[in-house]
Amino acid sequence: ERMRCWLNLGLVGVRLRKFDEALVYSTKVVEGSLPNSVSLSKGLYRRGVALRNLDRIPEAIDQFEKAFLERPEDETVRKELAKCLGSTTVYFDRVDTLTAQLSPEKAARLKMAGKREKEVPRGTTKPFGWKT
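Here the structure is a predicted model, which is why all the values come from computation and not from measurement.

Some details on the overall build of the protein chain
Along its length, the protein chain carries seven helices and zero strands. Along the protein chain, helices (α) and strands (β) appear in the sequence α-α-α-α-α-α-α when read from the amino end. Here the analysis covers contacts within the protein chain between residues at least 6 apart in sequence; of these, 59% occur between residues at least 24 apart. Accessible surface computed for the protein chain: about 7800 Å², of which carbon and sulfur atoms make up 53%.

Below, the structure written as C-alpha cells:
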C-alpha cells in the first residue's frame, strides 16, 4: 500500500515539475521494491525523469539503463534513454550492450515489443520520430 502511494507521489512530482520531490519518492520506491517488479521499473523510470530534468544526465542514464534491464519492452524507457544519450548511434550501441545482459525471457519480451513498433534504422537523427 505504501509503495503505491510513493509511486503516485513520484508521478505527481514529475507532472507538477517538482523534480526534487519526485526524486525523493521514486528513490523510496526503488529502495523498497522487489527485483523484477513493475514498481521497481516505474520507480527507476520516474527517478530517471527527475534526474534528467535536474540536469543530472549521467545519473539519469544509469536509472534508465536499469529500468531497461527490468522492462526492456517498455518503449518510454527507451525513448528517455535516447533523449539522454543525444545520439542515435550512441543509443543503439548502448542498447546492444544492455540487450546482451538480458535473461532469455526478457530478451524475448524485447523482441516481441520490437515487432509491434516501427523499426528505426541506425544512423537516423530522430530516434522514434522525436525532435532531437
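Alright, that's what it looks like, and here's the rest.
Focus: the nonpolar core
The biggest cluster of nonpolar side chains holds 26 residues, and the ones touching the most others in it are F64, F68, L81 and Y91. If you list the elements that add at least two residues to this core, you get α2 (19-32), α3 (38-53), α4 (57-70), α5 (75-85) and α6 (88-99). Contacts of F68, omitting those with residues within four sequence positions, involve V77, R78, V95, L98, T99, L102 and L110.

Describing the packing of aromatic side chains
Per the stated rule, a full pass over the model turns up two aromatic pairs. On the basis of an interplanar angle of 55° and a centroid distance of 6.0 Å, the ring pair of Y45 and F64 is categorised as tilted. One end of the pair, Y45, is in helix α3; the other, F64, is in helix α4, with 19 residues separating them in the sequence. By relative accessible area, F64 is classed as buried at 0%. Geometrically, the ring pair formed by Y91 and F92 is edge-to-face, given 5.3 Å between the ring centres and 65° between the ring planes. Taken individually, Y91 and F92 each receive the classification buried, so the pair is uniform in this respect.

Comments concerning the confidence of the model for the protein chain
Overall, the prediction assigns the protein chain a mean pLDDT of 85, with 86% of residues at 70 or greater. Across the protein chain, the element-wise mean pLDDT spans from 78 in helix α7 (residues 104-116) up to 95 in α2. For the stretch residues 124-132, pLDDT sits under 50, and the model shows 20 contacts to residues farther than four places along the chain or on other chains.

Quick look at the pattern of salt bridges
Considering all chains together, one arrives at eight salt bridges under this definition. Its salt-bridge partner being E75, residue K79 comes within 3.5 Å of it at the nearest N-O pair. With K79 and E75 both in helix α5, this residue pair falls four residues apart, about one helical turn. Taking the relative accessible area as the measure of exposure, K79 reaches 24% and is therefore partly exposed. Assessed through its relative accessible area of 28%, E75 is described here as partly exposed. The residue K83 makes a salt bridge to E80 at a minimum N-O spacing of 3.5 Å. Of the two residues, K83 and E80 are both situated in helix α5; the distance of three residues between them amounts to about one turn of the helix. Judged by its relative accessible area of 8%, E80 falls in the buried class. Bridged by salt links that share partners, the residues R52, E80 and K83 form one connected network.

Side note on the environment of V29
Mapped onto the elements of the fold, V29 is located in helix α2. Residue class for V29 comes out buried when judged on its relative accessible area of 0%. Along the primary structure V29 and G10 are separated by 19 residues, whereas in three dimensions their C-alpha atoms are 8.7 Å apart. Excluding its chain neighbours within four sequence positions, the residues that come into contact with V29 are M3, W6, L7, S39 and G43.

Cut-offs applied
Residues numbered from 1 in each chain as written. Predicted model: local features only at pLDDT ≥ 70, side-chain atom pairs only at ≥ 80, totals over all residues. Heavy atoms only, no water. Helix = DSSP H or I, 4+ residues; strand = E, 2+ residues; numbered from the N terminus. Contact = heavy atoms within 4.5 Å. Areas by Shrake-Rupley, 256 points an atom, 1.4 Å probe, with all protein chains shown as cover. Core = buried A, V, L, I, M, F, W, Y, C linked by side-chain atoms within 4.5 Å. Buried < 20%, exposed > 50% of the residue type's maximum accessible area, 1.4 Å probe, protein only. Phe/Tyr/Trp six-rings, centres within 6.5 Å; stacked < 30°, edge-to-face > 60°. pLDDT = per-residue confidence, 0-100. Salt bridge = Lys/Arg side-chain N within 4 Å of Asp/Glu carboxyl O.

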